[in-house]
Amino acid sequence: LTAQAQAQIVFYSFNTNAALGLTSAQTNFVTTANIGSSISTFTNFNTGVNSALTILSSVSGSPNNHGFAAGNSIGQNGWNGNNSYFQFTLDATGYQSISLAWAGNVSSTGPATNGLWYSTDGGSSFTLFSTFRAPDNGATYASITQDLSSVTSLNNNSLDIFRIYGTNTAGNVIAASGTMKIDNFSIDATVVPEPSTVLLVGVGVLGMFAIRRRRS
């Protein structure tokens, strides 16, 4: 049997909503998912001094575009409180083998370490999945992928939440004006097989064993 390939179920381009004619740096972006808006939402939290969620220009052809035009990214300042994060919810009912990907960037005074945390109970508790360093590349974005397919408690779960934190590490103090940016955030998954399909596969495997026994 061939393993089922992951397919994109959620995508955020964070591009400018030009149709509304918005011009303010505080409102000139879209935080609604371009794909999967019925199963995912985006929010942010910041305890820093410069805590505004701001629009920042994205470089042309930044990673993970998935066919969407390069537009804007979401950026946040003041990560020095170690409690700030970007958050994505996911109603994963009917899905399994979840993977996240996005284009990431930090400023030279931004978070020294990033952490991906997940919740399977709607936010009552969170578990650290991985720590990593978002690239400090000025205007350039690099692709970041986090494969959570090993976390089976996320599968077929309507209460999944993912948080991307920015934190200091020893010897590195984040400046109040330090920035972290994300763009082209996507969630990929596979469809949970129907019970009838699982049953048919099981019957087929048993049949193969029966044939082998007869031949032996």
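Refer to the structure above for everything that follows.
Rules behind the numbers
Residues numbered from 1 in each chain as written. Predicted model: local features only at pLDDT ≥ 70, side-chain atom pairs only at ≥ 80, totals over all residues. Heavy atoms only, no water. Pairing = 2+ DSSP bridges. Helix = DSSP H or I, 4+ residues; strand = E, 2+ residues; numbered from the N terminus. Axes fitted to C-alpha atoms, helices over the stretch in contact; angles between N-to-C directions. Phe/Tyr/Trp six-rings, centres within 6.5 Å; stacked < 30°, edge-to-face > 60°. Buried < 20%, exposed > 50% of the residue type's maximum accessible area, 1.4 Å probe, protein only. Core = buried A, V, L, I, M, F, W, Y, C linked by side-chain atoms within 4.5 Å. Lys, Arg positive; Asp, Glu negative; His and termini not counted. Salt bridge = Lys/Arg side-chain N within 4 Å of Asp/Glu carboxyl O. Polar contact = N/O pair within 3.5 Å; in protein donor to acceptor, adjacent residues only side chain to side chain. Contact = heavy atoms within 4.5 Å.

Colleague: How should I be thinking about the sheet that holds strand β10 (residues 160–167) in this particular structure?
Modeller: In a beta sheet, neighbouring strands are held together by backbone hydrogen bonds and run either parallel or antiparallel to one another. Strand order in this open sheet of five strands is β2-β5-β10-β7-β8, and the pairing throughout is antiparallel. Taken across any chain shown, the strands that pair with only one partner, and hence form the sheet edges, are β2 (42–45) and β8 (127–132). Direction aside, the axes of adjacent strands within the sheet are offset by 20 degrees on average. Bridging between strand β7 (residues 113–119) and β10 involves seven bridges; their strand directions are antiparallel. Bridge pairing links Thr113 to Thr167 in β10.

Colleague: Would you take a moment to explain the packing of aromatic side chains for this structure?
Modeller: Aromatic ring pairs: the centre-centre distance and the angle between the two ring planes describe each pair. Counted under the stated rule, the structure contains 14 aromatic pairs. Ring geometry for Tyr12 and Phe14: centres 5.6 Å apart, planes at 25 degrees, overall stacked. Tyr12 sits in the buried class, given a relative accessible area of 0%. Given the relative accessible area of 0%, Phe14 is considered buried. A ring pair is formed by Phe14 and Phe42, whose centres lie 5.3 Å apart and whose planes are at 70 degrees; its orientation type is edge-to-face. Here the residue Phe14 occupies a position in the loop between β1 (7–12) and β2, and Phe42 occupies one in strand β2, the gap between them amounting to 28 residues. Just as Phe14 is buried, Phe42 falls in that class too. Through a chain of ring-to-ring contacts, three or more aromatic side chains come together here, namely Tyr12, Phe14, Phe42, Trp79, Phe86, Phe88, Trp102, Phe132 and Phe185.

Colleague: Help me out: how do you make sense of the nonpolar core in this one?
Modeller: Nonpolar side chains in soluble globular proteins tend to end up buried together. Grouped together as the largest cluster of nonpolar side chains are 33 residues, with contacts concentrated most on Phe88, Leu90, Ile98, Leu100, Phe162 and Phe185. If you list the elements that add at least two residues to this core, you get β1, β5 (85–90), β6 (95–106), β7, β10 and β11 (179–191). With five residues, β11 is the largest single contributor of residues to this core.

Colleague: Help me understand the side chain of Arg163, please; the structure alone is not making it clear to me.
Modeller: Among the structural elements, Arg163 can be located in strand β10. For the buried Arg163, no salt bridge exists, and the shortest N-O distance to an oppositely charged side chain is 9.2 Å, to Asp121. A polar atom in the side chain of Arg163 sits 3.2 Å from the side chain of Tyr85. Polar side-chain contacts of Arg163 include one of 3.1 Å to the side chain of Tyr165. When residues no more than four places from it in sequence are discounted, the contact partners of Arg163 are Tyr85, Phe86, Gln87, Gly115, Leu116, Trp117 and Phe126.

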